Amino acid sequence: MTAYLVRRLLWLPVLLILISLVTFALGVYGPGDPVTVMMGLRANPKIIEQVRKEYGFDRPFLVQYFNYVTNAVQGNFGYSLVKYQGQPVGALIAKRLPVTIQLNFVSILWSLPLGIALGVLAALKRGTWIDFIIRGFVILGISLPIIGLMPVLNFAVARKHEIGPLTIGPFLPVGGWEGMFAPHIIMPAFLLGLGILAIFTRQTRAAMIEVMTSDYIRTAHAKGLKEWMVIVKHALRNAMIPLITLIGFVLAGLFAGSFIVEQFFSIPGAGALAYESLLSKDYYVILAFTLMAATIYVIINLLIDITYAFVDPRIRYK
Amino acid sequence: MNPRPAWKETWRRFARNKPALLGLLIIALLLFTALFAPLLAPYDFSKTNLDNVEKPPSAEHLLGTDALGRDMLSRIIYGARSVVFVIIVVATISLTFGLLLGAMAGYFGGLSDTLISRLIDFLFAFPDLLFIFFIAATIKPGIVTQLRTIALANQWPWLTEFVRSGYADYLVVIISLSLLGWAGLARLVRGQILALREKEFVLSAQLVGVSNWRIITRYLLPNSLAPILVAISMGLGGIALSEGILAYLGIGLQPPNPSWGIILSDHVVRYWRTWPEMIWMIFIPFIIMAAVVFAFNFVGDGLNEALNPELQ
Amino acid sequence: MGNILLDVRNLRTEFATQDGVVHAVNGVTFHLEEGETLGLVGESGSGKSVSMLTVMRLIPMPPGRIASGEVLFQGQDLLKLGDEEMRQIRGNKIAMVFQDPMTSLNPVLTIGTQITEALELHLGMNKDKARKRAAELLKMVNIPEAERRLDDYPHQFSGGMRQRVMIAMGLSCSPQLLIADEPTTALDVTIQAQITDIVKRLKNELGMSIIWITHDLGVIAGLADRINVMYSGYIVETAPVKELFANPLHPYTVGLLGSIPRLDEGRREKLTPIEGLPPDLVNLPTGCPFYDRCKFRTEKCLQENPPLMSVGVKHWSACWHYEAVREQRDAILGRKFMQPAAA
């Protein structure tokens, strides 16, 4: 166990350095010469040369990389070049990120516990009409493309507005952010949580069915334990262990969902910012966003693996 | 040792699963539509007619027309091509690399395992859509410009046509999807092979001097086929979904080429005003996309149950 | 001894499967006296485990179904009890120990938790008292450093140790009846002997009744007072243990005895397997289920399934031709059984 932890922890910095190296190389040189991209092909070569010096693009690659990373670690990710010209990227993202985190938090908050509950219910009522209906919903949740479901649901609750391209409805954001307790969060959080709900229901059901037929559950019944104790104390604990690894997938899904949902509902979150920057080729924003997202993702996945090892005594004592 | 599942029995169990059969039918229909799109489409998918815009379904235009008067049915039919193209290319690439590298890592272990596993870890360090986003934002413009320059320099009309058709934009998306698909599959194959490697029938084959290549292809892969098949059929639905989402976000196929994602995004932006009269313009691509993803999921579920009867 | 603890009458258990209804237990009738140890012997699929799981009402329903029968425990029909009443008997008055100690303990809970939960539930002990009692129980089954080991997880014990834990768990509430479902099958031979010794000792100390399920006559020869031999869901022979070994009167029992090695005989003899397979439990024959594999079969066996017939003192056999069995069994196995005159 200790050896495993040490190995995982040692691999983390290596992975982070690799990620930052590749993203920096691609982010800055991927589209071609960064200064030409910034200034356009017809810019004055003299000015290009000047900008190149100013931004340090004339120095060796590794030096540039090192400078970028040292700055980044201190929260300095460079400046927006396009839409928010001159604004520091770090501050831009810092302003937008809480919105995305709140939205994702609410999305997980309703969908994950409900998914586990429905999965347990379906497993216990396996083969009955309850199981049948829950499985039907799971297939729907997994298959309905959010890009289609989103407008359909949106229009279903929206009222027409005469003035302009505004959708107004009881559960819809109106292009601003009023915090995670405002009713406007309902529609985007519902859409974002749908996939999580489906995946957790499906996997919980599968895990519970497997666990419920295991020998130790029969032992628990043979002890005369109350049914809820068998389910909660003996079955659910075992069934939850493989579900921990799902959280990584959920996270990846939320990253993707945030782009789509925030952009559609004009929610001023980090996902919408990243999407804008992508379309307007605002490289420093994209670079910073990718780096931050990958770092968060890697660290959370590491935490998941460690939790996994701690929850399962068979691994903990190795 | 039974070298592979009994196919007849598997098929019998699969065929009992009605949703899976329906899924298979939808997939067959999708392939047929993609293959014969030029014959099936009543109109040119890009031909505009500004005198006949935003028309509801009629005998002339079965699914109506869009804002530029283009025939919706023809665009939907050609959209099938886009999905099928991406699915086939991505599946082929990820399958080849996933099987090969996964088997290598699992079977040989040691350095090759370390290198391949670390590479997989690295690719998995990015949330998938973010990865594609990043690639699309950084490398894509360079590659497309490069291709265009090469085409011009060499006077290759087919390459110019390829770039112009918008499929060059796809190249990058396809490569990034394949990179991710490859890694996922390789991880699964590696685990399977690792579990089988120490089994008696493999050890005895090694003792008798059967070559490594033969052991991998004849002993190990056939025995780990069931979970791989299930993962692939489920994965295809994911690829179809990604194609739509990327096109919707403007990263995949570019207009005026038809992709269901593009048709959706066109109408999502334009038709909020005319809701609910214009409902079909969103509903049709939505339902069709859902049906395709449904189909792959149903087939995957059906395969899973047919190959692992103890599950159901 | 004397009072009847468990009285099972005409018990039938079925399972609905895709291939049809599996008739696992087909009208089993037997009883168990207080303090008695009963061996339940048969090959896999003979219904020995299923019949005991039915007594415990641990059959998953569906697909399982108890088609008929009564299970009188201290005069009370367990099959008529409500779920809650039955739950209070399980683990308390009747306990069960299962075959595979590797999978029968919950991997994520400590041994201590798994033993004390029954004590807290059935005997209303508080945490401290339950823990003390759990340590005593572990000592009783010869687990060293019992107190410390309460905090260990199942994977930290060896197979034999885990089975002792299972037995300690089974005995925790001092049950009147312990059902042991092949508790030694998954263990090494030396460990098997240790486990049977422990059970024998505890039985004398605690004075409970035991039903010991096994496919191996050798294991319970020194343990059981009486043996029921089961075949495809029927009891085909029942007799006190000595009588059964000396005077088997069913062809299947003879076959079973022929397939175990004996050390008390002078020369090494040939072990004779029983040829053929048991009948399909979905399409049970109307006649004797052992017909296909039987050396004594006649037209009558095909027509009519023999009931258990009294063939001696406390000895019943379900064979039309038990007399023929008595006469020919020596020749079949090349071994001397009790002579007909002595019987």
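This text goes with the structure placed above it.
Reference entry: report on the structure contained in this document.

Conventions and cut-offs
Residues numbered from 1 in each chain as written. Chains lettered and ligands numbered in written order. Predicted model: local features only at pLDDT ≥ 70, side-chain atom pairs only at ≥ 80, totals over all residues. Heavy atoms only, no water. Phe/Tyr/Trp six-rings, centres within 6.5 Å; stacked < 30°, edge-to-face > 60°. Helix = DSSP H or I, 4+ residues; strand = E, 2+ residues; numbered from the N terminus. Buried < 20%, exposed > 50% of the residue type's maximum accessible area, 1.4 Å probe, protein only. Salt bridge = Lys/Arg side-chain N within 4 Å of Asp/Glu carboxyl O. Contact = heavy atoms within 4.5 Å. Polar contact = N/O pair within 3.5 Å; in protein donor to acceptor, adjacent residues only side chain to side chain. Nonpolar A, V, L, I, M, F, W, Y, C, P; charged D, E, K, R; others polar. Disulfide = S-S within 2.5 Å.

1. A few points about the packing of aromatic side chains
Scanning the entire structure with this criterion turns up 17 aromatic pairs over all chains. Note on W110 of chain A and F190 of chain A: the rings are 5.7 Å apart at their centroids and 15° apart in plane angle, and the pair reads as stacked. Residue W110 of chain A is found in helix α5 (residues 89–124), and its partner F190 of chain A is found in helix α8 (residues 186–212); the two are separated by 80 residues along the sequence. Pairing F283 of chain B with F286 of chain B gives two aromatic rings, centres 6.1 Å apart and planes at 85°, and the pair type is edge-to-face. Taken together, the positions of F283 of chain B and F286 of chain B, both in helix α14 (residues 279–307) and three residues apart, correspond to about one turn of that helix. Here a set of aromatic residues connected by ring pairs shows up, and it is made of F24, F61, Y65 and Y68 of chain A.

2. Remarks on helix α10 (residues 251–258) of chain C
Counting buried positions over the eight residues of α10 of chain C gives eight, a clear majority of the element. Listed as buried for α10 of chain C are P251, Y252, T253, V254, G255, L256, L257 and G258 of chain C.

3. What to know about unusual backbone geometry
Of note in this structure, Q155 of chain B is not a glycine but carries a positive phi near 55°. Mapped onto the secondary structure, Q155 of chain B falls in the loop between α7 (140–154) and α8 (157–164). Despite not being glycine, S232 of chain C has its phi angle at roughly 40°, a positive value. With respect to the element layout, S232 of chain C can be found in the loop between β9 (226–231) and β10 (234–240).

4. Examining the pattern of salt bridges
Counted according to the given criterion, the structure contains 23 salt bridges over all chains. Across the pair R226 of chain C and E36 of chain C runs a salt bridge, and its minimum N-O distance is 2.7 Å. With R226 of chain C in strand β9 and E36 of chain C in the loop between β2 (20–33) and β3 (37–41), the pair connects residues that are 190 residues apart, well separated along the chain. Residue classification places E36 of chain C among the buried positions, given a relative accessible area of 6%. With a shortest N-O distance of 3.8 Å, R133 of chain C and E136 of chain C are connected by a salt bridge. Linking R133 of chain C with E136 of chain C, this pair stays in helix α4 (residues 127–140), spanning three residues, or about one helical turn. With a relative accessible area of 18%, R133 of chain C lands in the buried category. Take E136 of chain C: its relative accessible area is 44%, and that puts it in the partly exposed class. Residues joined by salt bridges that share partners form a network here, namely K223 and K233 of chain A together with E117 of chain C.

5. Quick word on the interface of chain B and chain A
Every contact between the two is made by 46 residues of chain B and, on the other side, 53 residues of chain A. Taken together, the links from chain B to chain A amount to one salt bridge. Linking chain B with chain A are two residue pairs in polar contact (both at pLDDT 80 or more). Mapped by element, the contributors of at least two residues to the side of chain B that touches chain A are α5 (110–124), α6 (128–138), α7, α12 (225–248), α13 (260–270) and α14 of chain B. Looking at the side of chain B that touches chain A element by element, the count peaks at eleven residues for α14 of chain B. A per-class count over the side of chain B that touches chain A returns 32 nonpolar, seven polar and seven charged.

6. Overview of the state of the cysteines
All names here are of chain C. Per the stated rule, a full pass over the model turns up zero disulfides over all chains. Free of any disulfide, C288 has its nearest cysteine sulfur in C301, 5.9 Å distant. Assessed through its relative accessible area of 12%, C288 is described here as buried.

7. Some points on the side chain of R96 of chain A
Residues and elements named next belong to chain A. Here R96 is to be found in helix α5. The buried category is assigned to R96, whose relative accessible area is 8%. A polar contact is formed between the side chain of R96 and the backbone oxygen of G269, at a distance of 2.8 Å. Setting aside chain neighbours within four positions, we find R96 in contact with Y84, P268, G269, A270, A272, L273 and E276.

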